[in-house]
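Here are the chains, one letter per residue:
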Amino acid sequence: MKLKIFTIITAILIMSNNIFAEFALDLSGKLGFVGSFTDLTESVPEGRGDINLQLGYHFPIRERLKGIELLFDTGLNVGTLSTRKDINNINQMGIIGINTGLALKFVLTPIFLPNAINTNQYFVYGLSAGAKFIPFIGGISEKPSQVPISLYVNLSAERRIYTYDNRALSVGVNIFYEYMFFNKNDAPKLFAGRNISQHHSIGALLSIGFHFGKN
């Protein structure tokens, strides 16, 4: 009986080491600019800051394509909801958004660096998509009847510089697009009385953070 218990525990530990060894986690901060526009107004430049967490699994390939990662994508972002009334008059309200989605990343070995450096540095190209909920909007006296939701698509390019076998500094750039859905009856509250029916955002963010997972 003791032998069976020992065998089962050993098998579970071996399987856990094999399964969880390839888990990956990315934690990064992002800063950049966004251009937001509606169907009735011109683009308005805005600042944007994000805290992003991605957690998932790394599928090793061990060739020129080092691996593929499938990750849960979530985070907080701080920015503004802007509407241009005229050339010199812009209405801006502070917002906090919560995003959730999925990310797919491709990890590649650089080809132009010496092999000794290649073992510690990787290029990572990613695609993430999901929804951003905007529950916090400042500057309005009456809350919207429905929380605005933006669908997003984000393209990223990162450089991972490993300082340890399972820890890396990550720097990169992100280009994203958002399309907001909101209750049409809330448009006057959100857009300073304008009868807006569509809101789009296109932006670019620089990121710096840490990657945890095997290289």
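The structure under discussion appears in the preceding block.
From a predicted model like this one, the values you see are computed outputs, not experimental measurements.

Chemist: Where do I start with the packing of aromatic side chains in this structure?
Modeler: The relation between two aromatic rings is expressed through the spacing of the ring centres and the mutual angle of the planes. This structure, assessed with the given rule, holds 6 aromatic pairs. Measuring from centroid to centroid gives 5.4 Å for Phe 23 and Tyr 57, while their planes differ by 90°, and the two rings are edge-to-face. Taken together, the positions of Phe 23 in strand E1 (residues 23-38) and Tyr 57 in strand E2 (residues 44-60) put the pair 34 residues apart, joining distant regions of the chain. Taken together, Phe 23, Tyr 57 and Phe 59 form an aromatic cluster joined through their ring pairs.

Chemist: How do you make sense of the pattern of salt bridges when you look at a structure like this?
Modeler: Two side chains bearing opposite charge may form a pair once their charged atoms approach each other closely. Counted under the stated rule, the structure contains 7 salt bridges. Measuring nitrogen to oxygen at the nearest pair gives 3.4 Å for the salt bridge that ties Asp 186 to Lys 189. When salt bridges with common partners are traced through the structure, they connect Asp 26, Glu 69, Lys 105, Glu 158 and Arg 160 into a single cluster.

Chemist: What is the right way to read the pairing of strand E7 (residues 167-181) from this model?
Modeler: Both strand E6 (residues 149-164) and E7 contribute to a ladder of 15 bridges, which runs antiparallel. Residue pairing across strands places Leu 155 opposite Ile 175, the latter belonging to E7. Here E6 hands over to E7 after 2 residues, the two strands then running antiparallel side by side. Examined bridge by bridge, E7 and strand E8 (residues 199-212) share 14 bridges and lie antiparallel to one another.

Chemist: I would appreciate a short explanation of the nonpolar core in the present structure.
Modeler: A general tendency of soluble globular proteins is for nonpolar side chains to be buried together. Grouped together as the largest cluster of nonpolar side chains are 11 residues: Leu 81, Met 93, Ile 95, Ile 134, Ile 137, Met 180, Phe 182, Ala 187, Leu 190, Phe 191 and Ile 196. Secondary-structure elements contributing two or more residues to this core are strand E4 (89-108), strand E5 (121-137) and helix H3 (187-190). In this structure, Ile 137 is in contact with Met 93, Gly 94, Ile 95, Pro 144, Pro 148 and Leu 190, ignoring residues within four places of it in sequence. Ranked by size, the runner-up nonpolar core spans 5 residues in total, among them Val 107, Tyr 122, Tyr 162 and Ala 168.

Chemist: I keep staring at the environment of Gln 54 and nothing clicks. Help me out?
Modeler: For Gln 54, the position within the fold is in strand E2. For Gln 54, a relative accessible area of 6% gives the class buried. Note: C-alpha distance between Gln 54 and Gly 75 (21 residues apart in sequence) is 8.4 Å. Ignoring sequence-local partners within four residues, the contact set of Gln 54 consists of Ala 24, Leu 25, Asp 26, Leu 71, Phe 72, Asp 73, Ala 103 and Lys 105. At a separation of 2.9 Å, a polar atom in the side chain of Gln 54 contacts the side chain of Asp 73. At a separation of 2.7 Å, a polar atom in the side chain of Gln 54 contacts the side chain of Lys 105.

Quick notes on the rules
Going along each chain's sequence as written, the residues are numbered from 1 onward. Local features in this predicted model are restricted to residues whose pLDDT is 70 or higher, and side-chain atom pairs enter the listing and the counts only when it is 80 or higher, whereas totals over whole chains, interfaces and linings include all residues. Side-chain numbers here rest on the full set of heavy atoms in the structure, without hydrogens or water. Aromatic pairs are defined between Phe, Tyr and Trp rings, using the six-membered ring for Trp, whenever the two ring centres lie within 6.5 Å; interplanar angles under 30 degrees are classed as stacked, those over 60 as edge-to-face, and all others as tilted. Each helix corresponds to a stretch of at least 4 residues labelled H or I by DSSP, and each strand to a stretch of at least 2 residues labelled E; elements are numbered beginning at the N terminus. By salt bridge we mean one thing: a side-chain nitrogen of Lys or Arg within 4 Å of a carboxyl oxygen of Asp or Glu. Here a strand pair is declared whenever DSSP counts at least two bridges between the two strands. Throughout this description, the term nonpolar core refers to a set of buried Ala, Val, Leu, Ile, Met, Phe, Trp, Tyr and Cys residues connected via side-chain atoms within 4.5 Å. When a residue's accessible area, from a 1.4 Å probe over protein chains only, is under 20% of the maximum for its type it is buried; when over 50% it is exposed; and in between it is partly exposed. By definition in these notes, contact holds between two residues if any of their heavy atoms fall within 4.5 Å. Throughout this description, a polar contact denotes any pair of N or O atoms lying within 3.5 Å of each other; where both atoms belong to protein, one of them has to be capable of donating a hydrogen while the other can accept it, and for residues adjacent in sequence the pair is counted only when both atoms sit in side chains.

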